[in-house]
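# Reading the structure
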Amino acid sequence: MEIVMIHGQSHKGSTYHIARNLALKIGGDIKEFFLPRDFGEFCIGCTKCFLESEKKCPHYDKLKPLTEAMDRADLIILASPVYVMHATGAMKAFLDHYGYRWMVHRPEKAMFSKQGICISTAAGAGMKSAMKDMADSLFFWGISEIYRYGKAVFAVKWQDVSEKNKKTIDKELSSLAKKIRRNYGKAKTGIKTKLVFHAIRLLQRKGWNKADLEYWRERGWLDKKRPWS
Ligand SMILES: Cc1cc2nc3c(=O)[nH]c(=O)nc-3n(C[C@H](O)[C@H](O)[C@H](O)COP(=O)(O)O)c2cc1C
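Read on for a plain summary of the structure. Worth saying up front: this structure is predicted, and the values here are computed from it rather than measured.

## Some details on the pairing of strand 4 (residues 115-122)
Strand 4 sits mainly inside the fold: eight of its eight residues count as buried. Alternating residues of strand 4 divide into Gln115, Ile117, Ile119 and Thr121 and Gly116, Cys118, Ser120 and Ala122, and every residue in both groups is buried. Taken together, the seven bridges between strand 3 (residues 75-81) and strand 4 define a ladder with parallel strand orientation. Each residue of the ladder has a partner; that of Ile77, found in strand 4, is Ile117. For the handedness criterion, the β-α-β arrangement of strand 3, helix 4 (residues 89-96) and strand 4 is classed as right-handed. In this structure, strand 4 lies alongside strand 5 (residues 145-152), joined through eight bridges in parallel fashion. Looking at strand 5, one finds that Ala122 is bridged to Ala152. Taken together, strand 4, helix 5 (residues 127-141) and strand 5 form a β-α-β motif whose crossover is right-handed.

## Points about the packing of helix 7 (residues 191-205) against helix 8 (residues 210-218)
Here helix 7 crosses helix 8 at 115°, and the two axes come no closer than 10 Å. With respect to the hand of their crossing, helix 7 and helix 8 are arranged in left-handed fashion. Here Phe197, Ile200, Arg201 and Gln204 of helix 7 lie close against helix 8, whose contacting residues are Asp212, Leu213 and Trp216. Broken down by class, the residue content of the contact of helix 7 with helix 8 amounts to four nonpolar, one polar and two charged.

## Brief notes about helix 3 (residues 60-72)
Look at helix 3: 17 Å from first C-alpha to last across 13 residues, which is about the 18 Å you get at 1.5 Å a residue. Along helix 3, the largest kink reaches about 30° and is centred on Leu66. Of the positions making up helix 3, those classed as buried are Leu63, Leu66, Thr67, Ala69 and Met70. On the buried face of helix 3, the contacting elements are strand 1 (2-7), strand 2 (29-34), strand 3, helix 4 and helix 5.

## Focus on unusual backbone geometry
Negative phi is the rule for most residues except glycine; trans is the rule for most peptide bonds. A cis amide bond links Leu35 to the next residue, Pro36, at an omega of 5°. Along the chain, Pro36 turns up in the loop between strand 2 and helix 2 (48-51). If you check the backbone angles, Thr47 has positive phi at about 60° while not being a glycine. If you trace the backbone, Thr47 turns up in the loop between strand 2 and helix 2. Relative accessible area serves as the criterion here: at 34%, Thr47 is assigned to the partly exposed category.

Cut-offs and rules
Residues numbered from 1 in each chain as written. Predicted model: local features only at pLDDT ≥ 70, side-chain atom pairs only at ≥ 80, totals over all residues. Heavy atoms only, no water. Buried < 20%, exposed > 50% of the residue type's maximum accessible area, 1.4 Å probe, protein only. Helix = DSSP H or I, 4+ residues; strand = E, 2+ residues; numbered from the N terminus. Pairing = 2+ DSSP bridges. Right-handed = clockwise from strand over helix to strand, strands pointing away. Axes fitted to C-alpha atoms, helices over the stretch in contact; angles between N-to-C directions. Left-handed = near helix turned anticlockwise from the far one by under 90°. Contact = heavy atoms within 4.5 Å. Nonpolar A, V, L, I, M, F, W, Y, C, P; charged D, E, K, R; others polar. Expected span 1.5 Å × (residues − 1). Bend = angle between axes of the 7 residues up to and from the residue.

Have a look at this one:
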């Protein structure tokens, strides 16, 4: 299994250790990117990606290795510590660059057969909203099989997380890894994704955005073809 891990921070704390441990338990080729170290640009709001092409984004070349790794992977792991009840700014800035890939614009077909995981740790609270920040993108990219693992670690450093908590985490990760391995190659597009896709298809048929319309037409999605099998 090819696994790509995008870390919403550049240091190796609790979130890193949990995400890494999960990936090792799943097994396969693991590729990791750390934000902002490996990509730290902010979207400048030029909207060229939406209206013309993502290739016109001033950060297209810098983002390309991450994009290609995600397109190749069977499993995408987005991991972020909670910063003020949400995912880190670095993670958000990264995800902003893929607005053009949301189903409402030009989703990538490959996404519909992948699994995705959102991981978040907090000292106490905020994992749910931080994971939603990441899961929203995975869902609107077209991924149906999305898992969430949020943990309150009651510490700000991995070495200060209690042994009891670490043991619980290890057990929970083992069972999550098993589930993901079992679903390898079997990710199915769910009813919610299909409904959203069909609603957007009606909108696309009206031709509200030329770049999107051409994209949908070329792929036959305005006719009978669909990005899932
Ligand atoms: C800027 C900042 C904001 C934080 N905000 C929260 C928060 O809203 N809720 C919380 O419980 N912990 C918060 N924390 C604590 C971290 O989420 C927590 O320690 C997390 O496990 C750190 O993960 P890491 O070791 O991977 O960096 C914050 C930490 C930082 C540095």
